[in-house]
Amino acid sequence: MPNNFEMQSPLHVGIIMDGNGRWALARGLPRQAGHRAGVETVSRAVEAAPSLGIGALTLFAFSSDNWRRPQSEVGGLMALLAEYMERETPRAVENGIRLQALGRRDRLDAQLRAAIGRAEAATAGGARLWLRIAVDYSGRDASLAAARTLLDLSRESLDRALGPPVDLLIRTGGERRLSDFLLWESAYAELVFSRRMWPDFGADDLAGAVREFRGRERRFGAVPRTPAPAAAGWLD
Ligand code: FPP
């Protein structure tokens with residue numbers, strides 16, 4: 001018997017996984033320990049996603065601007081990503097998860113590129129969850145690159161070239177910005193900001209964000225079905 005979430009059309013959820021560094025600092029640990037703990041959170045989110053009605057999950061793992069971080073941190077993140085791809089591929093095949101990387105590949109090291117290639121090939125048939133990991137990704141660059149491939153440039157052709165629109169965009173770590181993530185695709189995304197640091201973000205937090213999304217009225221520019229009184233303050 002499907003639950004209430006599964007009866008609705010599958011959601012595309014994007015997550016800006018912020019707060020690994022601060023999580024580690026608060027515990028007197030190196031930043032890499034925060035990123036490592038963040039990988040565990042990724043596994044929990046991926047496991048919980050299908051039962052929450054999420055059909056596509058796009059995770060911001062490394063932005064094109066993150067190359068500005070110290071070389072040691074960049075190297076640590078790349079190693080974690082390669083390790084994740086290698087380790088999770090068999091589990092993804094078993095669980096019907098299609099793994100894909102989003103972003104530039106030409107600046108990634110050969111080991112990570114190869115791990116991505118193997119993961120994508122092995123999991124291409126996965127139909128339960130489409131897991132997209134954004135690495136060396138910039139929303140502006142992705143839009144430009146997609147536009148350059150199109151002879152007939154229109155909203156619809158760019159929509160198709162970029163991928164599914166985002167329904168729900170979550171950012172953890174207390175900051176409230178988009179940081180060049182899925183800009184075109186998030187035109188009508190519902191935004192949810194959590195103060196939790198990414199390593200502390202549990203399956204129940206993801207469920208809470210989806211619940212918040214389900215409670216919102218998406219109008220896409222039209223008038224509200226049930227007009228609400230004006231909010232008291234201008235900021236929550
Ligand atoms: C932002 O937190 C987080 C990142 C730049 C890296 C996110 C990477 C992971 C969660 C691990 C690898 C991911 C996968 C999919 C295997 P921050 O370091 O900027 O935190 P801060 O704002 O507290 O310093």
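Residues numbered from 1 in each chain as written. Predicted model: local features only at pLDDT ≥ 70, side-chain atom pairs only at ≥ 80, totals over all residues. Heavy atoms only, no water.

1. Things to note about the overall build of the chain
Stage number 1. When its secondary structure is counted, the chain shows seven helices and six strands.
Stage number 2. N-terminal to C-terminal, the α/β element order of the chain is β-α-α-β-α-β-α-β-α-α-β-β-α.
Stage number 3. By the compact-globule yardstick of 18 Å for 236 residues, the chain fits well, its C-alpha radius of gyration being 18 Å.
Stage number 4. Across its three principal axes, the chain shows a C-alpha extent of roughly 55 × 50 × 40 Å.
Stage number 5. Looking at the 236 residues of the chain, the share that counts as buried comes to 45%.
Stage number 6. Put simply, 75% of the contacts in the chain that link residues at least 6 apart link residues at least 24 apart.
Stage number 7. Surface exposure of the chain reaches about 12,900 Å², of which carbon and sulfur atoms provide 55%.
Stage number 8. Here the chain carries 32 positive and 29 negative side-chain charges, and the mean point of each set is 2 Å from the other. (Helix = DSSP H or I, 4+ residues; strand = E, 2+ residues; numbered from the N terminus. Rg over C-alpha atoms; globule rule 2.2 N^0.38 Å. Buried < 20%, exposed > 50% of the residue type's maximum accessible area, 1.4 Å probe, protein only. Contact = heavy atoms within 4.5 Å. Areas by Shrake-Rupley, 256 points an atom, 1.4 Å probe, with all protein chains shown as cover. Lys, Arg positive; Asp, Glu negative; His and termini not counted. Charge placed at Lys NZ, Arg CZ, Asp CG, Glu CD.)

2. Focus on the packing of aromatic side chains
Stage number 1. The final tally for this structure, using the stated rule, is six aromatic pairs.
Stage number 2. With a centroid separation of 5.3 Å and 55° between ring planes, the pair formed by Tyr188 and Phe220 is classed as tilted. On the criterion of sequence distance, the pair formed by Tyr188 in the loop between β5 (168–171) and β6 (190–193) and Phe220 in the segment after α7 (203–214) is long-range, its members being 32 residues apart.
Stage number 3. Taking 5.5 Å as the distance between ring centres and 20° as the angle between the ring planes, the aromatic pair formed by Trp198 and Phe201 counts as stacked. In this pair, the class of Trp198 matches that of Phe201, namely buried. (Phe/Tyr/Trp six-rings, centres within 6.5 Å; stacked < 30°, edge-to-face > 60°.)

Scope: geometric values only; no functional claims are made or implied.
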